[in-house]
Amino acid sequence: MNENGKLSGAAKASYGLGAVGKDMVYMLSASYILYYFQDILGVSAAAMGVILMVARVFDAFNDPIMGAVVAKTKTRFGKFRPWLLIGTLTNAVVLIMMFSAPPALSGSGLVAYAAITYILWGVTYTMMDIPYWSMIPAFTEGGKEREGLTTLARSCAGVGSALITIVTVMAVSALGHMFGGEGIADREIERIGFSYFTIIVAVLFVIFTVICCLNVKEKSTAHMETPSIGEMFKALIQNDQAMAVVVSIVIVNCSIYITSNLVIYFFKYDFGGEGWRGAYTLFSTFGGGIQILAMMILYPFLRRFFTSIRIYFISMGMAIAGYISLLTLASTSMSSVYALFVPGFFIFAANGMLAVITTVFLANTVDYGELKNNRRDESVIFSMQTFVVKLASGVSAFIAALSLQVLALSNDTAETASAIDYSLGVSVMQKMGLRMTMTVVPIIGLVFAIFWFKHKYILTDEKIEEIERQIENRKKKVA
């Protein structure tokens, strides 16, 4: 804090750095866990789909419990930072284990290993993700300061996600060749590469979180109420605006994650060619850059002229337009990755802005809940954010895995035709099915989210200001 009680530049930068590491880890798991176990190690797509869904159901019970534990924590270091550090350390270890499956495992043993490590990863991620986002209402005054920090954190999270999206495939290949030697199979190169790449990501994750914990100080958390589990569920159910945002986050993220889970399969088995990794990396680099720019520049720019609610609808329209153009281009004889930049711009820019906007909306519901229920339940609300994001990840991964199973799309099938150009072993019907799952299904989800949000969310800028005044007046009366 500076002399005026505002957040210092160092505190903001450190908090943002924590988001970079946190979302590097999340994106590695969300985007590549299915590919790692299904395409590289040979676990069936159906089994992986079940594992991912079961893990998310387990989180339905784990997340609220963790929110209660955080709310009841009292240490000289605060409520949130101890759990942030503990969760980071344990999650980093589990992440390394998850992407370093013993080569000797196969069949049911490998399935069990995937299930255990992935569930443990979800538990330990919750331990650090809930306190991270719960800190926002705890050390900001609300209004513009909170929205500014949320925008910064989401932008930095986008940087972390983009870094993983951009470098993973090429880095895994390079590390696999470096440590695997010559003359080994392509999937063995990727298996080794993922193991070493994950270690690098995990170390950076720990370093960034330690910096965040050292420089970000909590304030005004000593007198927070600590409701029971039953009271927390009751408070959440009574907060209709939190529920409105939660449902929107699930639908939007599920739609987007379906594409992110399948895009690597699209480049490998549909776009094809010996240089599919380079094309995938180029596309991901462009998309990651657009997503970051959308968070850091486009959203703040549009915010000067439009409300956050209006920008939400603009973003949704952009995403739908992007998916329509992606399906159109993929259905032609297009062979240039640069043509995909057009739909990529709309989809990634929309994704970047939606990541910021939905978190702002969720933070606003904390104030709404305080006015309505006479209690600040930030741990409850933000534990739901962790849950719904992981739920969306699980649902989308299940849909993606189911489509891979139905389409019989895997390394084993395509490898019989060509070890260099995997697309040669894939039929036209398989490719079309992949394209439809990547585009049409997300469009349906986004259209539903538009109608849901329009009819459920009422926290306009004017309404938020009114709520803040009412809370302040109530505090004065109590004092």
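These numbers were taken from a predicted model, which means no experiment stands behind them.

Another point: the packing of helix H8 (residues 240-271) against helix H10 (residues 308-330). The contact between H8 and H10 brings their axes to 13 Å, and the two run at 25°. Accordingly, the angle class assigned to the pair H8 and H10 is roughly parallel. You can see that H8 and H10 cross each other, and the crossing is left-handed. Contacts from Ser248, Val252, Ser255, Ile256, Thr259 and Phe266 of H8 reach H10 at Tyr312, Met316, Tyr323 and Ala330. Looking at the contact of H8 with H10, its residues break down into seven nonpolar, three polar and no charged.

Next up on the list: the side chain of threonine 209. Relative to the helices and strands, threonine 209 resides in helix H6 (residues 186-215). Note on threonine 209: relative accessible area 2%, which makes it buried. Beyond its immediate sequence surroundings of up to four residues, threonine 209 is in contact with Leu84, Leu85 and Thr88.

The tally for this structure, following the rule as stated, stands at 30 aromatic pairs. Arranged with centres 6.1 Å apart and planes meeting at 10°, the rings of tyrosine 118 and tryptophan 121 form a pair that is stacked. With a gap of three residues between them, tyrosine 118 and tryptophan 121 both fall in helix H4 (residues 107-139), about one helical turn apart. The pair formed by tyrosine 118 and tryptophan 121 is uniform in burial state, with each residue classed as buried. Here phenylalanine 345 and phenylalanine 346 contribute two aromatic rings whose centre-to-centre distance is 5.4 Å and whose plane-to-plane angle is 80°, an arrangement assigned as edge-to-face. In this structure an aromatic cluster arises from ring pairing among Phe266, Phe267, Phe271, Tyr280, Phe283 and Phe348.

Further remarks concern the environment of phenylalanine 313. Following the sequence through the fold, phenylalanine 313 ends up in helix H10. Look at phenylalanine 313 and you get partly exposed, because its relative accessible area is 25%. A C-alpha to C-alpha distance of 9.4 Å links phenylalanine 313 and leucine 354, two positions 41 residues apart in sequence. If we ignore the near neighbours within four places in the chain, the residues touching phenylalanine 313 are Ile450, Phe453 and Lys454.

The next point concerns helix H14 (residues 428-456). For H14, which comprises 29 residues, the first-to-last C-alpha distance of 42 Å matches the rise-based estimate of 42 Å (1.5 Å per residue) to within 8%. The largest bend in H14 amounts to roughly 30° and is located at methionine 436.

Before going further, it helps to spend a moment on helix H11 (residues 341-373). With 33 residues, H11 extends 47 Å from end C-alpha to end C-alpha; this agrees with the ideal 48 Å at 1.5 Å per step. Burial of H11 is extensive: 28 of the 33 residues sit out of reach of the surface. One or two residues past the end of H11 sits asparagine 374, with phi positive at roughly 60°.

Before going further, it helps to examine a nonpolar patch on the surface. On the surface, Met178, Phe179, Tyr196, Ile199, Ile200, Val203, Leu204 and Ile207 cluster together into a nonpolar patch covering about 700 Å² of accessible area. For the nonpolar patch, the secondary-structure elements that each account for two or more residues are helix H5 (143-180) and H6. With six residues, H6 is the single largest residue contributor to the nonpolar patch. Its relative accessible area of 35% is what places tyrosine 196 among the partly exposed residues.

What follows concerns the packing of helix H1 (residues 9-40) against helix H3 (residues 81-98). Remark: H1 packs on H3, axes separated minimally by 11 Å, with the N-to-C direction vectors making an angle of 20°. For the element pair H1 / H3, the angle class is roughly parallel. With respect to the hand of their crossing, H1 and H3 are arranged in left-handed fashion. Every residue of H3 that contacts H1 at Val25, Leu28, Ser29, Ile33, Tyr36 and Phe37 is listed here: Asn91, Leu95 and Met98.

Here we take up the confidence of the model for the protein. When pLDDT is averaged along the protein, the result is 83; 87% of the residues meet or exceed 70. In the model, residues 221-227 has pLDDT below 50 throughout and makes 15 contacts with residues more than four positions away in sequence or in other chains.

Attention now goes to the environment of isoleucine 443. Here isoleucine 443 shows up in helix H14. Leave out the neighbours within four places in its chain, and isoleucine 443 touches Ile320, Tyr323 and Ile324.

Next up on the list: the pattern of salt bridges. Where charged atoms from two side chains of opposite charge approach closely, those side chains can pair. All told, the structure shown has seven salt bridges when counted by the stated rule. A salt bridge links aspartate 270 to arginine 435; its shortest N-O distance comes to 2.7 Å. Linking aspartate 270 in helix H8 with arginine 435 in helix H14, this pair joins segments that are 165 residues apart in sequence. Taken as a pair, aspartate 270 and arginine 435 share a single burial class, namely buried. Between aspartate 461 and arginine 303 there is a salt bridge whose closest N-O contact spans 3.0 Å. Taken as a pair, aspartate 461 in helix H15 (residues 461-478) and arginine 303 in helix H9 (residues 276-303) lie far apart in primary sequence, 158 residues in all. Assessed through its relative accessible area of 25%, aspartate 461 is described here as partly exposed.

Criteria and thresholds
- Along every chain, residues carry numbers that run from 1 in the direction the sequence is written.
- Given that the model is predicted, a residue must reach a pLDDT of at least 70 before its local features are reported, and side-chain atom pairs must reach 80 or more before they are shown or counted; all residues, however, enter totals for whole chains, interfaces and linings.
- To get the side-chain values, take all heavy atoms of the structure and skip hydrogens and water.
- In this analysis an axis means a line fitted to C-alpha atoms, helices contributing only their contacting stretch, and an angle means the value between N-to-C directions, from 0 to 180 degrees.
- Note on conventions: DSSP H or I runs of at least 4 residues are helices, E runs of at least 2 residues are strands, and numbering of each starts at the N terminus.
- By definition in this entry, angles of less than 35 degrees are roughly parallel, angles greater than 145 are roughly antiparallel, angles of 65 to 115 are roughly perpendicular, and the rest are oblique.
- Put simply, a crossing is left-handed when the front helix is turned counterclockwise from the back one by less than a right angle, and right-handed when it is turned clockwise.
- It only takes one pair of heavy atoms within 4.5 Å for two residues to be counted as in contact.
- Residues are sorted three ways: Asp, Glu, Lys and Arg are charged, Ala, Val, Leu, Ile, Met, Phe, Trp, Tyr, Cys and Pro are nonpolar, and all the rest, Gly among them, are polar.
- Here's how the labels work: a residue is buried when its accessible area is under 20% of the maximum for its type, exposed when over 50%, partly exposed in between, all with a 1.4 Å probe on protein chains only.
- Planes of paired rings set the category: under 30 degrees apart is stacked, over 60 is edge-to-face and the rest tilted, where pairs are Phe, Tyr or Trp rings (Trp by its six-membered ring) whose centres lie within 6.5 Å.
- Residue count minus one, scaled by 1.5 Å, sets the expected span of a helix.
- Values of bend correspond, residue by residue, to the angle between axes fitted over the seven residues ending at that residue and the seven starting there.
- Residues enter a patch when their relative accessible area is above 30% and they make no salt bridge; the linking distance is 9 Å between like charges and 5 Å between nonpolar side chains (Val, Leu, Ile, Met, Phe, Trp, Tyr).
- Accessible surface is estimated by sampling points in the Shrake-Rupley manner with a 1.4 Å probe; for residues, cover comes only from the protein chains shown.
- Basic side-chain nitrogens of Lys or Arg form a salt bridge, by our definition, when they fall within 4 Å of a carboxyl oxygen of Asp or Glu.
- The pLDDT score gives, residue by residue, the confidence of the prediction method on a 0 to 100 scale.

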